[in-house]
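So you can see what is in the structure, the chains are spelled out below.
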Amino acid sequence: MRSGWLYGVLLLLSGCVEQPTMPPAADPQPIPVHRASLLLAGDLMVHTPQLTAARTSEGYDFSPSFTYIKPLIEEVDLAVVNLETTLAEKGAYTGYPLFRSPAAMADAVREAGFDVALLANNHCMDYGARGARETIEALDHRGLKHTGVFLSARERNARPHLYLQINGISIALLNYTYGTNGMPVVHPVVVNRLDTVQMKEDIRRAKEWMPDCLAVALHWGIEYERKPNREQRRMAEFLQREGVQLIIGSHPHVVQPLVQDSLGRLTIYSLGNFLSNQRKRYTDGGLMVEVALEKQGDDPLKITYRPIPIWVDRAHGYRLLTREAADTLTTNPAARTFFTDTETLLEKGL
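In this report, we go over the structure that sits alongside the text. (Residues numbered from 1 in each chain as written. Predicted model: local features only at pLDDT ≥ 70, side-chain atom pairs only at ≥ 80, totals over all residues. Heavy atoms only, no water.)

Scanning the protein chain from N- to C-terminus turns up 10 helices and 20 strands. For 350 residues, the compact-globule formula gives about 20 Å, and the C-alpha radius of gyration of the protein chain, at 27 Å, lies well above that figure. Across its three principal axes, the protein chain shows a C-alpha extent of roughly 110 × 50 × 45 Å. Out of the 350 residues in the protein chain, the part that is buried amounts to 52%. When the accessible surface of the protein chain is split by element, carbon and sulfur atoms take 52% of a total near 17100 Å². (Helix = DSSP H or I, 4+ residues; strand = E, 2+ residues; numbered from the N terminus. Rg over C-alpha atoms; globule rule 2.2 N^0.38 Å. Buried < 20%, exposed > 50% of the residue type's maximum accessible area, 1.4 Å probe, protein only. Areas by Shrake-Rupley, 256 points an atom, 1.4 Å probe, with all protein chains shown as cover.)

What follows is about the pattern of salt bridges. Enumeration according to the criterion identifies 17 salt bridges in this entry. One salt bridge connects Glu-74 with Lys-70, and the closest N-O pair in it is separated by 3.9 Å. With Glu-74 and Lys-70 both in helix H3 (residues 70–75) and 4 residues apart, this pair spans about one turn of that helix. On the basis of relative accessibility, which here comes to 51%, the residue Glu-74 falls in the exposed class. Since its relative accessible area comes to 25%, Lys-70 is described here as partly exposed. Across the pair Arg-142 and Asp-107 runs a salt bridge, and its minimum N-O distance is 2.6 Å. (Salt bridge = Lys/Arg side-chain N within 4 Å of Asp/Glu carboxyl O.)

Moving on: helix H5 (residues 128–141). With 14 residues, H5 extends 20 Å from end C-alpha to end C-alpha; this agrees with the ideal 20 Å at 1.5 Å per step. Taken residue by residue, H5 has Gly-128, Ala-129, Gly-131, Ala-132, Glu-134, Thr-135, Ile-136, Ala-138 and Leu-139 as its buried positions. Just downstream of H5, Gly-143 is the residue with a positive phi angle, here 75°. (Expected span 1.5 Å × (residues − 1).)

Moving on, we get to the pairing of strand S16 (residues 266–271). Most of S16 is tucked away: 6 of the 6 residues are buried. When strand S14 (residues 246–250) meets S16, the two strands line up parallel, connected through 3 bridges. In the strand pairing of S16, Leu-246 is matched with Leu-266. Pairing geometry for strand S15 (residues 255–260) and S16, over 5 bridges, is antiparallel. When the bridges of S16 are listed, Gln-256 appears paired with Ser-270. Following S15, the chain reverses through 5 residues before pairing antiparallel with S16; Gly-264 in that reversal takes a positive phi of roughly 90°. (Pairing = 2+ DSSP bridges.)

This brings us to the packing of helix H7 (residues 196–207) against helix H8 (residues 230–241). Packing of H7 against H8 brings their axes to within 11 Å, and their N-to-C directions diverge by 30°. Here H8 runs roughly parallel to H7, going by the angle between their axes. The two elements H7 and H8 meet at a crossing, and its hand is right-handed. Across the interface between the two elements, Thr-196, Met-199, Lys-200 and Ile-203 from H7 touch Met-235, Phe-238 and Leu-239 from H8. Each residue belonging to the contact of H7 with H8 can be placed in one class, and the counts come to 5 nonpolar, 1 polar and 1 charged. (Axes fitted to C-alpha atoms, helices over the stretch in contact; angles between N-to-C directions. Parallel < 35°, antiparallel > 145°, perpendicular 65-115°, else oblique. Left-handed = near helix turned anticlockwise from the far one by under 90°. Contact = heavy atoms within 4.5 Å. Nonpolar A, V, L, I, M, F, W, Y, C, P; charged D, E, K, R; others polar.)

Take the nonpolar core next. With 47 residues, the main nonpolar core has Leu-44, Phe-66, Met-105, Phe-114, Phe-274, Leu-275 and Met-288 as its most contacted residues. Of all the elements, helix H4 (residues 104–112) adds the most residues to this core, at 6 residues. Apart from the residues within four sequence positions on either side, Met-288 is in contact with Leu-39, Leu-40, Ala-41, Ile-69, Leu-72, Phe-274, Arg-306, Pro-307, Ile-308 and Ile-310. Ranked by size, the runner-up nonpolar core spans 30 residues in total, among them Val-80, Ile-171, Cys-213 and Ala-215. (Core = buried A, V, L, I, M, F, W, Y, C linked by side-chain atoms within 4.5 Å.)

Another aspect to go through is the side chain of Arg-156. As for its position among the elements, Arg-156 is in helix H6 (residues 153–158). Polar contacts involving the side chain of Arg-156 include one to the side chain of Asn-192, which spans 2.7 Å. When near neighbours in sequence (up to four residues on either side) are disregarded, Arg-156 contacts Phe-150, Tyr-176, Val-190, Asn-192, Gln-198 and Asp-202. (Polar contact = N/O pair within 3.5 Å; in protein donor to acceptor, adjacent residues only side chain to side chain.)

All chains considered together, the criterion is met by 8 aromatic pairs. Summarising the aromatic geometry, the rings of Trp-220 and Tyr-269 are spaced 5.8 Å apart at their centres and angled 15° between planes, so their arrangement reads as stacked. Here Trp-220 is found in the loop between strand S13 (213–219) and H8, whereas its partner Tyr-269 is found in strand S16, with 49 residues between them in sequence. Here Trp-220 matches Tyr-269 in class, with each residue buried. Aromatic rings pair up to connect Tyr-60, Phe-62 and Tyr-93 into one cluster. (Phe/Tyr/Trp six-rings, centres within 6.5 Å; stacked < 30°, edge-to-face > 60°.)

Here the bond from Tyr-96 into Pro-97 is cis, since omega is 10°, no more than 30 degrees from zero. With respect to the helices and strands, the residue Pro-97 is situated in the loop between strand S5 (86–88) and strand S6 (100–102). Cis rather than trans, the peptide bond between His-187 and Pro-188 has omega equal to 10°. Along the polypeptide, Pro-188 turns up in the loop between strand S11 (169–177) and strand S12 (190–191). The phi angle at Asn-167 is positive, at roughly 50°, despite the residue not being glycine. By the element assignment, Asn-167 lies in the loop between strand S10 (162–166) and S11. By relative accessible area, Asn-167 is classed as partly exposed at 45%.

In structure tokens form, the structure reads like this:
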């Protein structure tokens, strides 16, 4: 008799046994692409003439300033502004050099579509601990997120960064200032300062959350200088070595260049003024920058951007205008000068 195994081999060789067929390979599942859009705006200040223009019989209304740019803000997933004033629900309001603005500004900012206010700047302690507390309370009451200034060390230590999740993309946002105009940071308030040792530790902790985008907003540079100085460049290099992909600059009150390197990391050296009464050349407007983030699987984060110059039309209630809107609504030669200056700067870069 043939053994079982030998018999099976002979049958297979003779073609009498049907060979098993493999099931068809399944089509590979596509890797989803996640996208998020941001809008970044520069210094929002409230000088005394702005208070006068916004005064109504019932209080203050700043919403007309945002009428023409509101559609741009509403188009994005997250809008961020540098709030360079303190807020209060009532009391005496003041402009420069100590800013104390109606909390109605927070209403207008929120209604316009902004989501986040950056607080670490040289005016954040203009009215001491009380001013910081009232500002944060006004923002919290209106659902506006914020970072850079904290009401206690415990609050800051719990999470020094603002963690945001948008359409499957996570962002860790940190905010720092070079100083507070010599105004003391009164206990228990904590203001994030440009201290590289502390910043490195904050970035390390932010990385533990594994964000897709690590962003840092800085109040830095020299006022009215249209080019970044050596200290700004060194700080940008330090942050990029630590893994920061997006740097958002403010304080000079004029636009400075935007730079994207070969790795796709974006540095906005200065957004300039967003809303203010400053009227000298280069200060009567600034930039909004629309930033698109794209992430697919383990591929590196892709960052693209679009700068949008904005001019402040003081003659009509401090309304914020794009070039297109300004061409339609005003014949003020200062507007044309601002847009030409800004577009030329952006084209030349560094």
